[in-house]
Amino acid sequence: MAQVLPETEIQERLRQLPGWSREGKMLHCERKFKDFVEAIAFVNQLVEPAETAAHHPDLEISYNKVTISLTTHDAGGLTEKDFQMAQTISELK
Ligand SMILES: C[C@H](O)[C@H](O)[C@H]1CNC2=NC(N)=NC(=O)C2=N1
């Protein structure tokens, strides 16, 4: 099972993830789009990488705004998997 990262590493990894913030055991990122259709198109792009990694973001959709949250439930905190998925999500248009 993935291990929760040490606090110092979490801080360091966060500095390399512009647009992401950390709240306790979660990483969060908010993306804004032209409209609901584009927001959903973005969400659909998350399906394949999430399934491939077996690591699934929590999603909140509010019209044209998508809030993405990541944590590793199994480990009870932030792990390598969360930072890898955050990086993958950041690279999506
Ligand atoms: C068995 C399966 O791999 C696990 O339940 C996965 C599924 N997707 C997951 N997604 C996230 N975000 N955290 C998890 O701990 C997690 N666990």
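Shown above is the structure to which this text applies.
Sequence order as written defines the numbering, with residues in each chain counted from 1. Predicted model: local features are reported for residues with pLDDT of at least 70 only, side-chain atom pairs are reported and counted for 80 or more only, and whole-chain, interface and lining totals are derived from all residues. Calculation of side-chain values draws on the structure's entire complement of heavy atoms; hydrogens and water are dropped beforehand.

### Considerations on the packing of aromatic side chains
- Aromatic rings from Phe, Tyr and Trp, with only the six-membered ring used for Trp, were paired whenever their centres fell within 6.5 Å, and each pair was classed as stacked if the ring planes differed by under 30 degrees, edge-to-face if by over 60, and tilted otherwise. Within this structure, the stated rule accounts for one aromatic pair.
- Aromatic pair Phe-33 and Phe-42: ring centres 5.0 Å apart, planes at 35 degrees, arrangement tilted. Considered together, Phe-33 and Phe-42 belong to a single accessibility category, that of buried residues. Partly exposed residues are those whose accessible area sits between 20% and 50% of the maximum for their type, while under 20% is buried and over 50% is exposed, using a 1.4 Å probe and protein chains only.

### Topic: the site of the ligand
- Near residues are defined by distance, with any heavy atom within 4 Å of the molecule or strand qualifying the residue. The ligand sits among Ala-54, His-55, His-56, Thr-71, Thr-72, His-73 and Asp-74.
- Here a polar contact is recorded for every N or O atom pair within 3.5 Å, except that within protein the pair must consist of a potential hydrogen donor and a potential acceptor, and residues adjacent in sequence are included only if both atoms are side-chain atoms. Between the ligand and Asp-74, the relevant distance is 3.0 Å, taken from an oxygen atom to a side-chain nitrogen or oxygen of the residue.

### Focus: unusual backbone geometry
- Of note, the phi angle at Ala-54 is positive, near 50 degrees, even though the residue is not glycine.
- Mapped onto the elements of the fold, Ala-54 is located in the loop between helix H2 (36–53) and strand E3 (58–62).
- You will see that Tyr-63, though not glycine, has its phi angle at about 55 degrees, which is positive.
- Looking at the secondary structure, you find Tyr-63 in the loop between E3 and strand E4 (65–70). Helix numbering and strand numbering both begin at the N terminus, where a helix is a DSSP run of H or I of at least 4 residues and a strand a DSSP run of E of at least 2.

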